[in-house]
Amino acid sequence: MRGLNKVNLIGNLGKDPDYKELKGKIPVAKFDMATTEFHKNQKGELIPRTEWYRIISWRGLAELSKNYLKMGSTIFVEGSLRT
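Quick caveat, the model's predicted, so the values are computed rather than measured.

Conventions used here
Residues numbered from 1 in each chain as written. Predicted model: local features only at pLDDT ≥ 70, side-chain atom pairs only at ≥ 80, totals over all residues. Heavy atoms only, no water. Helix = DSSP H or I, 4+ residues; strand = E, 2+ residues; numbered from the N terminus. Rg over C-alpha atoms; globule rule 2.2 N^0.38 Å. Buried < 20%, exposed > 50% of the residue type's maximum accessible area, 1.4 Å probe, protein only. Areas by Shrake-Rupley, 256 points an atom, 1.4 Å probe, with all protein chains shown as cover. Lys, Arg positive; Asp, Glu negative; His and termini not counted. Charge placed at Lys NZ, Arg CZ, Asp CG, Glu CD. Core = buried A, V, L, I, M, F, W, Y, C linked by side-chain atoms within 4.5 Å. Contact = heavy atoms within 4.5 Å. Phe/Tyr/Trp six-rings, centres within 6.5 Å; stacked < 30°, edge-to-face > 60°. Lys NZ or Arg CZ within 6 Å of the ring centre and 35° of its normal. Salt bridge = Lys/Arg side-chain N within 4 Å of Asp/Glu carboxyl O.

### Some thoughts on the overall build of the chain
Turning to step 1, where the next piece is worked out: What the chain contains, in helices and strands, is 1 helix and 5 strands.
Turning to step 2, where the next piece is worked out: Helices and strands in the chain line up, N terminus first, as β-β-β-β-α-β.
Turning to step 3, where the next piece is worked out: In summary, the chain has a C-alpha radius of gyration of 16 Å against a globular reference of 12 Å for 83 residues, an excess of more than 25%.
Turning to step 4, where the next piece is worked out: In terms of principal-axis extent, the alpha carbons of the chain reach across some 55 × 40 × 15 Å.
Turning to step 5, where the next piece is worked out: Buried residues in the chain amount to 23% of all 83 residues.
Turning to step 6, where the next piece is worked out: A total of about 6900 Å² of accessible surface is found on the chain, and carbon and sulfur atoms cover 53% of it.
Turning to step 7, where the next piece is worked out: With 15 positive and 9 negative side-chain charges, the chain shows a spacing of 6 Å between the two charge centroids.

Structure (structure tokens):
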């Protein structure tokens, strides 16, 4: 049986994307994204839990990331997870 490695995230950028061009003028953009979930404790208070992800986009998506994403932007990311 084959596996499936697919991730969908909706969250906010922690800082502006870090954009570079590698050898051969291949664009790459890296940025940190946070997702926050809330749960209630025994007193009924909402407690946040934030997870951080390092996102890397290549070529055309890197160009879009550089041009349109800014710190605090809410974004939807779909891709595969690598640890």
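### Focus: the nonpolar core
Turning to step 1, where the next piece is worked out: Core analysis: the largest hydrophobic core is formed by 8 residues, namely Leu9, Leu13, Phe31, Met33, Ile55, Leu69, Ile75 and Val77.
Turning to step 2, where the next piece is worked out: Once residues lying within four places of it in the same chain are set aside, the contact partners of Ile55 are Ala29, Lys30, Phe31, Met33 and Val77.

### Let's talk about the packing of aromatic side chains
Turning to step 1, where the next piece is worked out: This structure, assessed with the given rule, holds 0 aromatic pairs.
Turning to step 2, where the next piece is worked out: Its guanidinium or amino end placed over the ring of Tyr19, Lys66 lies 4.5 Å from that ring's centre, counting from NZ or CZ.

### Some words on the side chain of Ser65
Turning to step 1, where the next piece is worked out: With respect to the helices and strands, Ser65 occurs in helix α1 (residues 59–68).
Turning to step 2, where the next piece is worked out: Dropping the residues within four chain positions of it, Ser65 is found in contact with Pro17, Ala29, Phe31 and Ser57.

### Section: unusual backbone geometry
What you tend to see is this: most non-glycine residues have negative phi, and most peptide bonds are trans.
Turning to step 1, where the next piece is worked out: Phi angles above zero are rare outside glycine, and Lys25 is one such case at about 55°.
Turning to step 2, where the next piece is worked out: Taking relative accessible area as the criterion, Lys25 reaches 66% and is therefore assigned exposed.

### Notes on the pattern of salt bridges
Turning to step 1, where the next piece is worked out: Applying the stated criterion across every chain, the model contains 5 salt bridges.
Turning to step 2, where the next piece is worked out: Of the charged contacts, one joins Arg49 and Glu51 as a salt bridge, the two residues approaching to 4.0 Å between their closest N and O atoms.
Turning to step 3, where the next piece is worked out: Given a relative accessible area of 47%, Arg49 falls into the partly exposed group.
Turning to step 4, where the next piece is worked out: By relative accessible area, which is 37% here, Glu51 ends up partly exposed.
Turning to step 5, where the next piece is worked out: When salt bridges that share partners are traced, they join Glu37, Arg49 and Glu51 into one network.

Purely geometric numbers; function is a separate question.
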